[in-house]
Amino acid sequence: MQPSLSPRSPMLTVGDFRGNPRRMRRERTMRVLLFGAAATSIVVSALIIGTLFTEAWQFLRELSDTIGLGALIDSGEAPGWYPRQGRFDIPTIVIGTLIVSMVSVAVSAPLGLGAAVYLSEYAGPRARKWLKPMLEVLAGIPSVVFGFFALRVLGPDLIQPLFGTTQPTSLLVTGVAIGILVTPLMASISEDALSSVPSLLREASVGLGARKSTTTLKVVLPAAVSGIVAALIISVSRAIGETMVAALASGRLGSAPRELDPREPGLPMTSAMAQLAQGSDQLVGIGPAFQSLFFVGAVLFVMTLALNILADRVVARVRNKY
Amino acid sequence: MAVTSSIRESSASVVRASLTGGKRDVKGMVFATMLLLCLLTAMFTLTVLLWDVIAQAIPVFQKRGTGFLTSELASSPDKAGVSQGIWGSLVIAAFVVIIAFPVGIAAGVYLEEYAKPTKLTAFIQLNIRNLAGVPSVVFGILGLVVFVQAFEPITGGRSVIAAGVTLALLVLPIIIITTAESIRAVPNGLREAGFGVGGTRWETTRDHVLPYAAPGILTGTMLAVARALGEAAPLLLIGAITGRLASPPGQTLLEQLQGKFTAMPIIIFGWANEVNKPGKVTGLTFEDLNSAAIVVLLVMVLVLNAAAILLRNRFEKRRQS
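Since we're looking at a predicted model, the values are computed, not measured.

Draft legend 1. Broad picture of the overall build of chain A. Across its full length, chain A carries 12 helices and 3 strands. Here chain A has a C-alpha radius of gyration of 27 Å; the compact-globule value for 322 residues is 20 Å, and the former is much larger. Along the three orthogonal principal directions, the C-alpha set of chain A runs to about 100 × 65 × 30 Å. Restricting the contact set of chain A to residue pairs at least 6 apart, pairs at least 24 apart contribute 74%.

Draft legend 2. Quick look at the overall build of chain B. Broken down by element type, chain B carries 14 helices and 0 strands. Along chain B, helices and strands appear, N-terminal first, in the series α-α-α-α-α-α-α-α-α-α-α-α-α-α. Taken over C-alpha atoms, the radius of gyration comes to 26 Å for chain B, far larger than the 20 Å a tight globule of 321 residues would show. On the principal axes, the C-alpha backbone points of chain B span a range of 75 × 60 × 30 Å. Looking at chain B as a whole, 46% of its 321 residues are labelled buried. By sequence separation, contacts in chain B at least 24 residues apart represent 77% of the contacts at least 6 residues apart.

Draft legend 3. Region of interest: the interface of chain A and chain B. In this assembly, 70 residues from chain A lie in contact with 70 residues from chain B. With 20 residues, helix α2 (residues 21-66) of chain A is the single largest residue contributor to the side of chain A that touches chain B. Its residues placed into classes, the side of chain A that touches chain B shows 42 nonpolar, 18 polar and 10 charged.

Draft legend 4. Quick look at the environment of Pro168(A). Residues and elements named next belong to chain A. Note on placement: Pro168 falls in the loop between α5 (143-163) and α6 (171-195). A sequence separation of 18 residues divides Pro168 from Ala150, and the C-alpha atoms of the two residues are 9.1 Å apart. Contact partners of Pro168, with chain neighbours within four places excluded, come to Gly155, Pro156 and Gln160.

Draft legend 5. Just the packing of α5(A) against helix α13 (residues 264-272) of chain B, in detail. Close contact between α5(A) and α13(B) brings their axes to 9 Å; oriented N to C, the two are set at 20 degrees. In terms of their interaxial angle, α5(A) and α13(B) are classed as roughly parallel. Crossing of α5(A) against α13(B): the hand is left-handed. Here α5(A) contributes Val144(A), Val145(A), Gly147(A), Phe148(A) and Leu151(A) to the contact with α13(B), which in turn contributes Pro265(B), Ile268(B), Phe269(B) and Ala272(B).

Draft legend 6. Looking closely at the packing of helix α3 (residues 90-122) of chain A against helix α9 (residues 225-241) of chain A. Residues and elements named next belong to chain A. Two elements in contact, α3 and α9, have axes separated by 9 Å at closest approach and are oriented at 140 degrees. Comparing their axes, α9 and α3 come out oblique. As α3 runs across α9, the sense of the crossing is right-handed. Along its contact with α3, which presents Thr97, Val100, Ser101, Ser104, Val105, Ser108, Ala109 and Leu113, the element α9 presents Ile228, Leu232, Ser235, Val236, Ala239 and Ile240. Its residues assigned to classes, the contact of α3 with α9 comprises 9 nonpolar, 5 polar and no charged.

Draft legend 7. The nonpolar core, seen in detail. Core analysis: the largest hydrophobic core is formed by 193 residues, its most contacted members being Ala177(A), Val96(B), Val171(B), Ile268(B) and Ala293(B). It is helix α8 (residues 160-184) of chain B that contributes the most residues to this core, 17 residues altogether. Beyond its immediate stretch of four places on either side in the chain, Ala177(A) contacts Phe146(A), Phe149(A), Ala150(A), Leu154(A), Val245(A) and Ala249(A).

Draft legend 8. The sheet that holds strand β3 (residues 256-257) of chain A, seen in detail. Residue and element names in this part refer to chain A. With respect to topology, 3 strands assemble into an open sheet ordered β2-β1-β3, the strand pairing being antiparallel. With partners counted over all chains shown, the strands left at the sheet margins are β2 (87-88) and β3, one partner each. When strand β1 (residues 80-82) meets β2, the two strands line up antiparallel, connected through 2 bridges. Note on β2: the bridge partner recorded for Tyr82 is Arg87.

Draft legend 9. Inspection of the environment of Leu284(B) at higher detail. Residue and element names in this part refer to chain B. Locating Leu284 in the fold gives a position in the loop between α13 and α14 (286-320). Classification of Leu284 as buried rests on a count of 22 C-beta atoms within 10 Å. Sequence separation between Leu284 and Leu120 is 164 residues, and the spatial gap between their C-alpha atoms is 58 Å.

Draft legend 10. α5(A), seen in detail. All names here are of chain A. With 21 residues, α5 extends only 24 Å from end C-alpha to end C-alpha; this falls clearly short of the ideal 30 Å at 1.5 Å per step. The axis of α5 is deflected most strongly, by about 60 degrees, at Leu154, and proline Pro156 appears within four residues downstream. Gly164 occupies a position one or two residues after α5 and carries a positive phi of about 65 degrees.

Draft legend 11. Geometry of the environment of Ile90(A). Among the secondary structure elements, Ile90(A) is positioned in helix α3. Expressed as a C-alpha distance, the spacing of Ile90(A) and Gly68(A), which sit 22 residues apart in the sequence, is 14 Å.

Draft legend 12. Structural view of the confidence of the model for chain B. Residues and elements named next belong to chain B. Taken residue by residue, chain B gives an average pLDDT of 86. The fraction at 70 or more is 93%. Taken element by element, chain B is modelled with least confidence in helix α1 (residues 2-19), mean pLDDT 68, and with most confidence in α8, mean pLDDT 94. In the model output, the complex is listed with pTM 0.87 alongside ipTM 0.87.

Draft legend 13. Focus on α13(B). With 9 of 9 residues buried, α13(B) is to be regarded as a mostly interior element. Regarding α13(B), the residues found buried are Met264(B), Pro265(B), Ile266(B), Ile267(B), Ile268(B), Phe269(B), Gly270(B), Trp271(B) and Ala272(B).

Draft legend 14. Inspection of the confidence of the model for chain A at higher detail. With 91% of its residues at a pLDDT of 70 or more, chain A has an overall mean of 85. Across chain A, element-level confidence peaks in α3(A) with a mean pLDDT of 93 and bottoms out in helix α1 (residues 14-17) of chain A with 68.

What counts and how
- Residues numbered from 1 in each chain as written.
- Chains lettered and ligands numbered in written order.
- Predicted model: local features only at pLDDT ≥ 70, side-chain atom pairs only at ≥ 80, totals over all residues.
- Helix = DSSP H or I, 4+ residues; strand = E, 2+ residues; numbered from the N terminus.
- Rg over C-alpha atoms; globule rule 2.2 N^0.38 Å.
- Contact = placed C-beta atoms within 7 Å.
- Buried ≥ 20, exposed ≤ 12 C-beta atoms within 10 Å, placed from the backbone.
- Nonpolar A, V, L, I, M, F, W, Y, C, P; charged D, E, K, R; others polar.
- Axes fitted to C-alpha atoms, helices over the stretch in contact; angles between N-to-C directions.
- Parallel < 35°, antiparallel > 145°, perpendicular 65-115°, else oblique.
- Left-handed = near helix turned anticlockwise from the far one by under 90°.
- Core = buried A, V, L, I, M, F, W, Y, C linked by C-beta atoms within 7 Å.
- Pairing = 2+ DSSP bridges.
- Expected span 1.5 Å × (residues − 1).
- Bend = angle between axes of the 7 residues up to and from the residue.
- pLDDT = per-residue confidence, 0-100.

Here's what the structure looks like:
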């Protein structure tokens, strides 16, 4: 209160708007705390990138000091991934991963997109009320369970008789199992894209006399195409990173020859990592075989990050459109 | 109401019939059926999976009873059980609740209520979206290098503490994203009312925004815990035990937390690789045991999932009315 003011004229001063100092202090503390929580995510990312690339760099240095970087691309008669023999043929495991992710997309793209179109365009509210939660239950099943299922049922009972594979485990089985695993993800992202298409477009099309299927195929799907592409990219990224199914159903333990046939057993990157980590109960950091784990991890990280950023760009374009 | 809708439907069908000349839209029906088949294929797989696992698990529960749940890992399928896996998974879930819930929700609140649209904010958001897409096995490397090796004095090396912290970080982006989404759905009028009566931003958030967004946040967090319970890949890298695990009696809680550990998904992975020889006493194989272990894990995961879905559906209904 200013002393010059007479008590009879109650005027408001700047001080009255300053607020209770205790509350203001609380407000500032909370802001700092909340910002700290948000910044944690950056710390986590920095830690991931830091550890991955320092350890991967160490592996490369160790390799060039001992047997030379040529070990990363095996040029021998029968190239392959044999970490314990000092043969780290990266193409072997990258090809394994690519085959598995292509098979999985061939499964998840039609199933997921079909399910999304049905849920968004055809299903009535009552059907949707039952079907959507079931899809979510499928999405909630842990991947190790899918791995066991692929190993026990999908491989020997479906894929082997159908495609005549030599063994119940193969890259094909892995891909199919991961495809089913990824289907709910594909469906849910595509459905978001489809339902964000303004219904005015549908009404205009139907008003012109188009059939429902024509409206869906020629109007709704093209309008949602960016979202669907994003869903595809994210599905691929997820399939590349999926570990447990690959570790259980791809059929190779720790080492593999370079394999181009999906019907044969192979070794995707994630499976190689799981087995490097598991098979060597030796002390961490001994020998380039164990250290190669970090290099493979770094390659995997770069691949998925590139896909995720790409998907993010595509999604941003959709958001700008509507 | 039923009458008007049936009238509307019948008049619609009359109009449709006159438009199509009374012909049936065969192509359209085939198309719709194919779409439904896509959905049903996914459902069918789910049913076969569940049926197969449950059918094989029943004899285990019949012959072993609760002994399967209370006995420890062993090399004979007559004796092996999942008690250590249940303990490990519950501890991991506790770590997720203790670490990832507060940090994740706080981060979500910051991004939606406090952050100004600066470059830093955009970077944090981009970073979180990308973090959510990092494969779980890569988080395992983080856990191995940082929590197993660098923080060994605290975590005890290949321990359930290292696993719990790693999985908490793994689900953190999911919690942040779902929290931010539910907070974004809170009507602005609520905030304006809070500010209007002189509340600070934090008071408004705490007393009005968060309670309104609570069901959505809770749904997201439950799904995150379910995800952490089923995650196996990072635990393999951290060094969960797949074979035999002796837990000496008389350990303190800290010793247990810092010692060797296993978890439900890791047991399933380990048993899937076991030799399929039936036990002498019960005649059960590790494959049978594994089906039972899967049932245990699925009960844990699906109960959380179902609760989350129910909660969300109920909440959506309430908001609509």
